[in-house]
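One-letter residues, chain by chain:
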Amino acid sequence: MKTMKFFVMASALAAMVGFSSCLNGGDYTNTASGGTFVKVSGYLGVTSLVDELGFEYIPSNKEDITNLTSGKYAYITYTYDPTTVDYTLKAVNVNLAGYSILTDEQVVANAPVAENANAPVYSVYDMSTSSQYRVQPVFYQKRDVFIPIYYYYKPATNNDDLQKETALHHFTLYYDATTDFTSSTMTLHLRHTIQDFDEEDNKKRTSRAYEFRHFNLNSALSQYQFANNGQNPDKIVIEFEQNQYDADYEKDDIESKSYEIDYKTVVENYDKLAGGTTGSGSNE
């Protein structure tokens, strides 16, 4: 599966979650399309896909799942019949349309230094559209975040070459609790490194797309709570090094930019939904 193209498709489908959309000659067919982040677990060959509210997505086409690894997170797209959702058992029968496994990245309790990066990014959210339809960081419950990182990569003519290229790109969130934590805000610094970096080869990175990467914030949030009498931050700020034009890291086009997450609302919304799940199992 071509990761870059998949997420463009997935973003469009995600906006359709919860809407019954298939009509045939004016007749309602009880078919809806969805897109959902899930955690993968498996035991004795059985794969379980569970969203942040505990709904399990049960594919009718299980034979199409070939490489989902237990403990990983994934984004799935699917079709389903809303009238068959079992809210008691929290079970959703779906026909899986596609999926993409998210790469796990690191969160490090050190202030970033120059050696931590050799490449810029373009953004960590969709800068081209309004917030209502914007691709932006998504939380799974309260301590795992999926960040859509827009970066420059080499165009590929086949899936193997694309996978090799994306595997070279690594992202890390750095923080220094003494300087990056305030009474209301936790700042995290995103840095981008390309494995086996070559300056001439980097000039071939002329394409730009985004890919969700997974970061577990458990340690950072625990340290924040320890320093702030058990309280969560109201905001989480992701600082990143941006080049709006190309993949060059050395020239003057690099700027420090930031994206602010209303973490207080993230926590309140999750607690409200988790405390009384009565709607669709899909992430609407």
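Residues numbered from 1 in each chain as written. Predicted model: local features only at pLDDT ≥ 70, side-chain atom pairs only at ≥ 80, totals over all residues. Heavy atoms only, no water.

A. Region of interest: helix H5 (residues 218–227). Restricting attention to buried positions, one finds in H5 the residues Ala 220, Leu 221 and Tyr 224. The arc enclosing the buried residues of H5, seen along the axis, measures out at 95°, which places them on a common side. Buried residues belonging to H5 abut strand E8 (103–108), strand E12 (185–194) and helix H6 (263–275). (Buried < 20%, exposed > 50% of the residue type's maximum accessible area, 1.4 Å probe, protein only. Helix = DSSP H or I, 4+ residues; strand = E, 2+ residues; numbered from the N terminus. Arc of directions from axis to C-beta. Contact = heavy atoms within 4.5 Å.)

B. Representation of the pairing of E8 in the model. For E8 and strand E13 (residues 207–216), the ladder comprises three bridges, and the chain directions are parallel. From the neighbouring strand, Glu 105 faces E13, where its bridge partner is Phe 215. In the sheet, E8 pairs with strand E11 (residues 169–174) via three bridges, with the strands oriented parallel. Each bridged residue has a counterpart across the sheet, and for Val 107 the counterpart in E11 is Leu 173. (Pairing = 2+ DSSP bridges.)

C. Focus on the side chain of Asn 118. With respect to the helices and strands, Asn 118 occurs in the loop between E8 and strand E9 (138–140). A distance of 2.8 Å separates a polar atom in the side chain of Asn 118 from the backbone nitrogen of Ile 194. (Polar contact = N/O pair within 3.5 Å; in protein donor to acceptor, adjacent residues only side chain to side chain.)

D. Geometry of unusual backbone geometry. Of note in the backbone geometry, Lys 90 takes a positive phi value of approximately 55° without being a glycine. On the basis of relative accessibility, which here comes to 26%, the residue Lys 90 falls in the partly exposed class. Phi at Asp 196 takes a positive value of approximately 55°, unusual for a residue other than glycine. Looking at the element boundaries, Asp 196 is found in the loop between E12 and helix H4 (199–202).

E. Summary view of the confidence of the model for the protein chain. Considering every residue of the protein chain, the mean pLDDT works out to 85; 85% of them sit at 70 or more. In the model, residues 1–28 has pLDDT below 50 throughout and makes 67 contacts with residues more than four positions away in sequence or in other chains. Within the model, the stretch residues 277–284 combines pLDDT values under 50 with 27 contacts to residues more than four positions away or in other chains. (pLDDT = per-residue confidence, 0-100.)

F. Structural view of the packing of aromatic side chains. For the structure on display, the rule yields 16 aromatic pairs. Seen from their ring centres, Tyr 73 and Tyr 140 are 5.1 Å apart, and the 70° between their planes marks the pair as edge-to-face. Of this pair, Tyr 73 sits in strand E6 (residues 73–80) while Tyr 140 sits in strand E9, and the two are 67 residues apart along the sequence. Judged by its relative accessible area of 5%, Tyr 73 falls in the buried class. Feature note: the residues Phe 37, Tyr 73, Tyr 75, Tyr 140, Phe 146, Tyr 150, Tyr 210 and Phe 212 constitute an aromatic cluster, connected by ring pairs. The lysine or arginine in question, Arg 208, covers the ring of Tyr 122, its NZ or CZ lying 3.6 Å from the ring centre. (Phe/Tyr/Trp six-rings, centres within 6.5 Å; stacked < 30°, edge-to-face > 60°. Lys NZ or Arg CZ within 6 Å of the ring centre and 35° of its normal.)

G. Expanded view of the pattern of salt bridges. Here the structure, examined in full by the defined rule, presents 14 salt bridges. Here Arg 205 makes a salt bridge to Glu 165, at a shortest N to O gap of 2.7 Å. Here Arg 205 is found in the loop between H4 and E13, whereas its partner Glu 165 is found in helix H2 (residues 159–167), with 40 residues between them in sequence. Considered together, Arg 205 and Glu 165 belong to a single accessibility category, that of buried residues. Linked through salt bridges whose partners overlap, the residues forming this network are Glu 105, Glu 211 and Arg 213. (Salt bridge = Lys/Arg side-chain N within 4 Å of Asp/Glu carboxyl O.)

H. Looking closely at H2. Those residues of H2 lying buried are Leu 162, Glu 165 and Thr 166. Viewed end-on, H2 has its buried residues packed into an arc of 95°, placing them on one side of the element. Residues of H2 that are exposed and angled more than 90 degrees away from the buried face: Asp 160 and Lys 164. Put simply, Asn 158 is the residue that caps the front of H2, since its side-chain oxygen is 3.2 Å from the backbone nitrogen of Asp 160.

I. Up close: the sheet that holds strand E10 (residues 144–153). Pairing within the open sheet is mixed, and its eight strands lie in the order E9-E10-E13-E8-E11-E12-E14-E15. Single-partner strands in this sheet number two, and they are E9 and strand E15 (255–261). The sheet shows a mean angle of 35° between the axes of neighbouring strands, direction not considered. Packing of H5 onto the sheet brings it into contact with E8, E12 and E13, and relative to E12 it is tilted by some 150°. (Axes fitted to C-alpha atoms, helices over the stretch in contact; angles between N-to-C directions.)

J. Looking closely at the nonpolar core. Within the largest apolar cluster, 30 residues are counted, with the highest numbers of intra-cluster contacts made by Leu 190, Phe 215 and Leu 217. For this core, the secondary structure elements donating two or more residues are E10, E11, E12, E13, H5, strand E14 (235–242), E15 and H6. Here this core takes five residues from E10, the largest share from any one element. With 19 residues, the next largest nonpolar core counts Ile 65, Leu 68, Ala 74 and Val 94 among its residues. (Core = buried A, V, L, I, M, F, W, Y, C linked by side-chain atoms within 4.5 Å.)

K. Layout of the side chain of Arg 191. When you line up the elements, Arg 191 lands in strand E12. Arg 191 gets classed as buried once you look at its relative accessible area, which sits at 10%. Reaching out from Arg 191, the side chain makes a polar contact with the side chain of Glu 239 at a distance of 3.0 Å.

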